[in-house]
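A structural walkthrough
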Amino acid sequence: MTDTDMRNEAEDSGPSGYAAARLRLLTEETRPGPPRRAALAALTDDWLAGLFAAAAHNLPGASLVAVGGYGRGELSPRSDLDLLLLHDGSAPEAVAALADRLWYPVWDLGLALDHSVRTPAEARRTAADDLKAQLGLLDARHLAGDRGLTTALRTEILADWRNQAPKRLPELRDLCAERAERQGELQYLLEPDLKEARGGLRDATALRAVAASWLADAPREGLADARRRLLDVRDALHLTTGRATDRLALQEQDQVAAHLGLLDADTLLRQVYEAARVISYAGDVTWREVGRVLKSRAVRPKLRALLGGGKTHLAERTPLAEGVVEQDGEVVLARTARPERDPVLPLRAAAAAAQAGLPLSLHAVRRLAAAAGPLPTPWPAEAREQLVTLLGSGRPTVQVWEALEAEGVISRLLPDWERVRCRPQRNAVHVWTVDRHLIETAVRAAGFTRRVHRPDLLLAAALLHDIGKGWPGDHSVAGETIARDVAGRIGFDRADAAVLATLVRHHLLLVETATRRDLDDPATVRAVAEAVGTQGTLELLHALTEADALATGPAAWSSWRASLVADLVRRVGALLAGEEPEAAEPAAAPTAEQERLAVEAFRTGGPVLTLRPQADPLDEDPAREPEPLGVELLLAVPDQPGVLPAVAGVLAVHRLTVRTAELRTLDLPDGFGDATVLLLNWRVAAEYGSLPQATRLRADLVRALDGSLGIAGRLAERDAAYPRRRGVVPPPPRVTVAPAASRHATVIEVRAQDAPGLLFRLGQAMEDAKVRVRSAHVSTLGANAVDAFYVTALDGAPLPDDEAASLARRVEETLRG
Amino acid sequence: MKLITAVVKPHRLDEIKEALQAFGVHGLTVTEASGYGRQRGHTEVYRGAEYTVDLVPKIRIEVLAEDDDAEQLIDVVVKAARTGKIGDGKVWSLPVETAVRVRTGERGPDAL
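Residues numbered from 1 in each chain as written. Chains lettered and ligands numbered in written order. Predicted model: local features only at pLDDT ≥ 70, side-chain atom pairs only at ≥ 80, totals over all residues. Heavy atoms only, no water.

1. Some words on the sheet that holds strand β4 (residues 141–145) of chain A
Residues and elements named next belong to chain A. Note the threshold: In short, DSSP must find at least two bridges between two strands for them to pair. Only DSSP runs of H or I reaching four residues or more are called helices, and only runs of E reaching two or more are called strands; each is numbered from the N terminus. All axes here are fitted lines through C-alpha atoms, helices being fitted over the stretch that makes contact, and every angle between N-to-C directions spans 0 to 180 degrees. By definition, residues are in contact when any of their heavy atoms lie within 4.5 Å.
Strand order in the open sheet made by the four strands is β3-β2-β1-β4, with mixed pairing throughout. Each edge of the open sheet carries a strand with a single partner, namely β3 (113–118) and β4. Geometrically, the sheet is characterised by an average inter-axis angle of 25° between neighbouring strands, direction not taken into account. As paired strands, strand β1 (residues 62–66) and β4 are joined by four bridges and run antiparallel to one another. The residue of β4 that forms the bridge with Ser63 is Gly145. Each of β1, β2 (81–87) and β3 touches helix α5 (residues 92–108); the most contacted strand, β3, lies at about 175° to it. In this fold helix α6 (residues 120–129) packs onto β2 and β3, with an angle of close to 120° to the strand it touches most, β3.

2. Observations concerning the sheet that holds strand β7 (residues 330–333) of chain A
Residues and elements named next belong to chain A. Taken in spatial order, the three strands of this open sheet run β5-β6-β7, and their pairing is antiparallel. In this open sheet, the two strands that pair with only one neighbour each are β5 (317–321) and β7. Across the sheet, the axes of successive neighbouring strands diverge by a mean angle of 40°, strand direction being ignored.

3. Remarks on empty space enclosed by the protein
Residue and element names in this part refer to chain A. Cut-off, in case you're wondering: Note on definitions: the grid is 1 Å and covers protein atoms alone; a cavity is a set of points where a 1.4 Å probe fits but cannot get out; a pocket is an open set with protein on both sides within 12 Å along at least five of seven lines; lining residues have an atom within 4 Å of a point. Grid points are joined across faces, edges and corners, and a volume is the space filled by probe spheres set on the points. Under the scheme applied here, ten amino acids are nonpolar (Ala, Val, Leu, Ile, Met, Phe, Trp, Tyr, Cys and Pro), four are charged (Asp, Glu, Lys and Arg), and all others, including Gly, are polar.
Evaluation of the coordinates by the stated rule reveals two cavities of 30 Å³ or more. Here the largest cavity is characterised by a volume of approximately 50 Å³. For the largest cavity, the full set of lining residues is Tyr188, Arg277, Val398, Trp401, Glu402, Glu405, Trp417, Asp435, Arg436 and Ile439. It is helix α18 (residues 397–406) that contributes the most residues to the lining of the largest cavity, four residues altogether. Residue composition of the lining of the largest cavity, grouped by class: five nonpolar, no polar and five charged. Forming the walls of the second largest cavity are Leu609, Leu633, Leu635, Val647, Val650, Leu651, Leu697 and Leu701. Mapped by element, the contributors of at least two residues to the lining of the second largest cavity are β9 (630–638), α30 (643–653) and α31 (694–705). Split by residue class, the lining of the second largest cavity holds eight nonpolar, no polar and no charged.

4. Re helix α34 (residues 801–816) of chain A
All names here are of chain A. Definition in use: Expected helix span is given by 1.5 Å per residue-to-residue step, counting one fewer step than there are residues. The cut-offs for exposure are 20% and 50% of the maximum accessible area for each residue type, with area from a 1.4 Å probe on protein chains only; residues under the lower value are buried, those over the upper are exposed, and the others partly exposed. Each C-beta atom gives one direction from the helix axis, and the arc is the one those directions make.
Taking 1.5 Å per residue, 16 residues should reach 22 Å; α34 reaches 23 Å between its end C-alpha atoms and fits that length. Restricting attention to buried positions, one finds in α34 the residues Ala804, Leu807, Ala808, Val811, Glu812 and Leu815. Buried residues of α34, seen end-on, are gathered within an arc of 130° and therefore sit on one face of the element. Structural note: α34 exposes Asp802, Arg809 and Glu813 on the side pointing more than 90 degrees away from its buried face. In this fold, the buried residues of α34 make contact with β12 (734–738), β13 (746–753), α33 (758–768) and β15 (784–792).

Just geometry here; none of it tells us what the structure is for.
The following block contains the structure:
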């Protein structure tokens, strides 16, 4: 056969015929989606098979193989053709000629071609060196020529993949992680790359590869649908742009949406985000499963027997919170956990996971989603605190939140979330969807918790500040109403709800005013002061503004803006300080019971205490399990040094955490001389399980006061018994002297991460500094402790400025310790 | 052609933009800038610590204009930027050799 003959033969089914059919297929609007991709692949198959038959002249020992996306039979309009010409190595020159006759027609049509010519041995070697080549070959599909050659390669490649999975899957995981780092997350980006971003098509392919290794499998619900959706969008993107691009740029989104018959670009993005969430969540779960399987294989049975004394390997479970344990690097529910009777459990488990920096196991989230009952309205205090703890955990918050979100737990807890979920923002400054932006803001805000007196309000405001997006009109105005409503439902009191509403209403006020108004104009400063109202709100708004801007995108915050906003805050703060009355030291009259205890303490000369389950005035449903853990501790003890560290220490030893603590001195009524009694009114909660008896607490307290109970040693012992966890890295503690807060005492403010024994160490530090604690107001807001101590010198006078400052420094050093 | 550059107080931007629009200027470039002039910054007390702010936030506005309009344009900017207080900023102009509109390739005054 001559060269000309061959050409003529190829012409019939040849390039022009194929090109016309291809064009017809792509412009035909009737059947887009999977049928079109399959039809395009089938059409291309036939054409290439024709080319091969015409060019190969029945050359033995050669075959044409489709790999990668083409191997899966999914061709998008502008996809590359991934082709492998496989040969047995017996006739290299003939194969080279064959390759020329195959590749040139493809190039001539202007199609992108990814080609290689290899023997089976070479193909295996390449796969062993290059993970991407390996992944492509997993989808190898025979097109033409020697079918036996292709089948043998497929079998070998799959067998290699299974054999080497323990080595290569971690490689693949690193590859995916590195790509996610570079490309960002498809589900939150406003101009996402459908293929490369985390949760995109490449990740879906990686999951197929994991499944092909037989080592682990992805949760399959919705995965195929999600993949199909992304492929459909990519088809439309290729057709509307006429380019082989995978980036869904802002300017293309309207056209792509129209092409897919969707209402608008927002609908399009929302569908893309939903699909990406399914894929990236399936990826998270799958990779964790891979890690677990590999870890359990890594420890050899023999070695395990040696270490474990021959017993079968039981996963170690470490308690994290009531009903929540850690197992194998994941957070799972304890065997005793009863989600159906414990509505706070989802939040408690999430907060514990985020604090420990661990993921929530898929099984636990599903069980919580299915079984946990609704929270009462308003939420009990514990639920709100756990939410704040979850939000305040920094970076780990994101994955825990995502896991809850994926199973619909968040929308059930906060119905208003549904509207911002997966909502794109048409704004060049933003890089995230609204929901992710809110979480990112909380993550940033967690770093500012030491700058404000109410970290819980800061974190809640971060979560809610854009909740009004998706409603008509100004989102700050709509958000104000929603925030007030949500704040009430999650159990903030009326005053706090008002502060939250103000923060949401004015979350753009500082930036807008600072960059656009004249700060030298007193009217500007006055207007902001009026909107904000108090110093405390101003401080919160300042932190929220910065967190919001940092979470928006690289363009939203700069030292330029920071300096303008700081200047405005300083001016407004000065104005508010001048107008605000001096905060009075709270001194409510003692109740009859407090007085009775005080008198008894004076008589016996030792501590007297009562423990009483906290009555929840809102809870009138007797069928519901009472909130089991909170109790009120009322304690009176004759005034003496060392009371605060002793009480705090005894509670810590008994595994009780202090939620709030009030301490004050009480002058006894007439007839008891001028003796004073210290009165402590504390709200405490058991870390796990039940409360200790009052008599045991009292006995230990007596020993602690006379020094025969070594609290510091006991606490250190207990700390050492716990495994060190990565967990979150909280911002460092801050201890400051509050200026001019009281005429009678020096006020030391402490803001720190709550930890077992924190109050004990604080009390001890003040005791060591030879100051008297006259009263203390301790509150734990989520994972943050915000404490104020009114201290005096031993003679009862406030400390001089320099001594106060050095005390604050000493206490801070102790905490950093 | 001239390039007119103004470094002014941030809060005057809206006024300047409006004034330029009224004058018939269609495009301008704004950047966030910091700097100091004769006032040499100032001293501030923030969170108890005293420190010197030597760089004050400003915005930098750049406008291209035809030679004949330049002087008038400068006056428009100066008028809109003035508050009468220290730190109001500066406006200057430079000769421009060429300007090209990227999309169309138009050159010179046509590109404005």
